[in-house]
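# Inside the fold
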Amino acid sequence: MKIFVTGGAGYIGSICVEQMLNQGHEVTVFDNLTEGHRKAVDPRTKFVFGDLQKPEQIAAALREAAPEAVMHFAANALVGESMTNPSKYFRNNVYGGINLLDGMVAAGVKKFVFSSTCATFGPPERNPIDETLPQRPINPYGESKLLFEKILRWYDQIHGLKFVALRYFNAAGASENYGEDHRTETHIIPNVLKVALGQKDHVDIFGNDYETPDGTCIRDYIHIIDLAQAHILALGRTESALYNLGTGGGTSVREIIAACEKVTGIKIPVKETPRRPGDPPLLIAASEKVKRELGWNPQYQSIDKIIESAWAWHKKHPTGYGD
Ligand code: UDP
């Protein structure tokens, strides 16, 4: 298929693009490179430097590419930043997304795959989190993604635009060529690996008094290649749907650090610090619906395998993409 990808220079987008190209799809990447990196864009794509805040730029790029489907990764995704600068999140994640949808309607593109998030649920009343639970986000990031899920329902009803929203849990790991390089790194695994690389002297454990077996937060880490596979499967769906996307397993912060020590063979010094505001103790996906309806079958269920792939990439690219 001909696929148009926004945010294809970012961590998740770049690896989804690579996997689609490997499976024979033709890809155009549209990115403004504020978060992404030009070197993260696979050379087999056509790259368009553009901004979703400019309706005419995105409309022209879609007209020109004439894709069969759009995958929309371009967004801001830091919970903490969204709590201090909500405007940025609503402008980029909602207004930017509407410009993209309007460009699709004008160009007659009817298929859409959307990067949503488990942050649309807020603290869940039970785990694992299935698609029937109420969505009550507790930060502007989660709210912006939930608003966009709602907007998509109306574009389906009114314009016949079919969408699949994938609510990611914790994306992690790397492919051989592409990995995680955020300008501001807040995520646990790359931060632990920075210590192993000698770029940081310790990692903080945010909170050791949660109601979990070892007192630290538990998350559902999903390998980036499994996540990419779900996007490719979503292209085959003809009706709109929303899926929670995680493996159904959980790993605590202490277990992540122990697994990083095992994989790297390097002792990781830690500092136990107070809780990070807004972190729920436990977030685990119910993955039955996406397995049943899309035939998704994750290959990397072990946290060691996920960390091994991340470590291989970080060792090869100690300064990330170097920009
Ligand atoms: N975390 C931590 N130290 C860090 C970064 C993260 O203890 O340097 C914890 C964080 O509080 C959360 C878990 O690791 O409980 C996963 O955080 P991350 O930012 O990787 O993903 P999130 O679940 O927030 O999307």
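Note that the coordinates shown come from a computational prediction; the quantities given were computed from them, not determined experimentally.

The terminal C-alpha atoms of helix α1 (residues 11-22), which comprises 12 residues, lie 17 Å apart, in line with the 16 Å expected from a rise of 1.5 Å per residue. Counting buried residues along α1, 11 of its 12 residues qualify, which places the element largely inside the surrounding structure. When α1 is considered as a whole, its buried residues turn out to be Tyr11, Ile12, Gly13, Ser14, Ile15, Cys16, Val17, Glu18, Gln19, Met20 and Leu21. Taken together, the buried residues of α1 touch β1 (2-6), β2 (26-31), β4 (69-72), β6 (162-168), β7 (170-172) and α7 (224-234). Once α1 finishes, glycine 24 follows within two positions and takes phi at roughly 95°, a positive value.

With that settled, the discussion passes to the nonpolar core. The biggest cluster of nonpolar side chains holds 40 residues, and the ones touching the most others in it are Val5, Ile12, Met20, Met71, Leu166 and Leu245. Per-element accounting of this core gives the leading share, seven residues, to α1. Dropping the residues within four chain positions of it, leucine 245 is found in contact with Leu166, Arg167, Tyr168, Phe169, Ile222, Leu227, Ala230, Ala285, Val290 and Trp296.

Sheet strands pair via backbone hydrogen bonds, and the direction of the pair is either parallel or antiparallel. Taking strand neighbours across the sheet as the criterion, the seven strands line up as β3-β2-β1-β4-β5-β6-β11 in an open arrangement whose pairing is parallel. The sheet is open, and its two borders are formed by β3 (46-49) and β11 (241-245), each paired with just one other strand. Adjacent strand axes in the sheet meet at a mean angle of 20° when their direction is disregarded. Pairing of β4 with strand β5 (residues 111-117) involves three bridges; the strand directions are parallel. If you follow valine 70 over to β5, its bridge partner there is phenylalanine 112. Each of β1, β2, β4 and β6 is contacted by α1, which is oriented at about 165° to β2, the strand it contacts most. Taken strand by strand, α7 contacts β4, β5, β6 and β11, and its axis lies near 165° from that of β6.

Ile188, Asp204, Arg219, Arg276 and Asp279 are the nearest of the 14 residues found near the ligand. In this structure, an oxygen atom belonging to the ligand sits 3.0 Å away from a side-chain N or O atom of asparagine 170. Here isoleucine 188 contributes a backbone N or O atom positioned 2.9 Å from an oxygen atom of the ligand. For the ligand, whose unbound accessible area comes to 510 Å², protein coverage reaches 88%. For the shell around the ligand, a count of residues per class yields seven nonpolar, three polar and four charged.

All right, on to the packing of aromatic side chains then. For the structure on display, the rule yields six aromatic pairs. Taken together, a centroid distance of 4.9 Å and an interplanar angle of 55° make the contact between phenylalanine 114 and phenylalanine 148 tilted. Here the residue phenylalanine 114 occupies a position in strand β5, and phenylalanine 148 occupies one in helix α5 (residues 140-159), the gap between them amounting to 34 residues. Cluster of aromatic residues (ring-pair linked, three or more members): Phe112, Phe114 and Phe148. The ring centre of phenylalanine 47 lies 4.2 Å from the NZ or CZ of arginine 38, which sits over that ring.

Between helix α6 (residues 188-196) and helix α8 (residues 253-264), whose axes approach to 10 Å, the crossing angle comes to 40°. With respect to each other, α6 and α8 are oriented oblique. Two packed elements cross with a definite hand, and for α6 against α8 that hand is right-handed. Where α6 approaches α8, its residues Ile188, Ile189, Val192, Leu193 and Ala196 are matched on the opposing element by Val253, Ile256, Ile257, Cys260 and Thr264.

What counts and how
- Residues numbered from 1 in each chain as written.
- Predicted model: local features only at pLDDT ≥ 70, side-chain atom pairs only at ≥ 80, totals over all residues.
- Heavy atoms only, no water.
- Helix = DSSP H or I, 4+ residues; strand = E, 2+ residues; numbered from the N terminus.
- Expected span 1.5 Å × (residues − 1).
- Buried < 20%, exposed > 50% of the residue type's maximum accessible area, 1.4 Å probe, protein only.
- Contact = heavy atoms within 4.5 Å.
- Core = buried A, V, L, I, M, F, W, Y, C linked by side-chain atoms within 4.5 Å.
- Pairing = 2+ DSSP bridges.
- Axes fitted to C-alpha atoms, helices over the stretch in contact; angles between N-to-C directions.
- Near = heavy atom within 4 Å.
- Polar contact = N/O pair within 3.5 Å; in protein donor to acceptor, adjacent residues only side chain to side chain.
- Areas by Shrake-Rupley, 256 points an atom, 1.4 Å probe, with all protein chains shown as cover.
- Nonpolar A, V, L, I, M, F, W, Y, C, P; charged D, E, K, R; others polar.
- Phe/Tyr/Trp six-rings, centres within 6.5 Å; stacked < 30°, edge-to-face > 60°.
- Lys NZ or Arg CZ within 6 Å of the ring centre and 35° of its normal.
- Parallel < 35°, antiparallel > 145°, perpendicular 65-115°, else oblique.
- Left-handed = near helix turned anticlockwise from the far one by under 90°.

Read these as layout, nothing more, since geometry by itself doesn't imply function.
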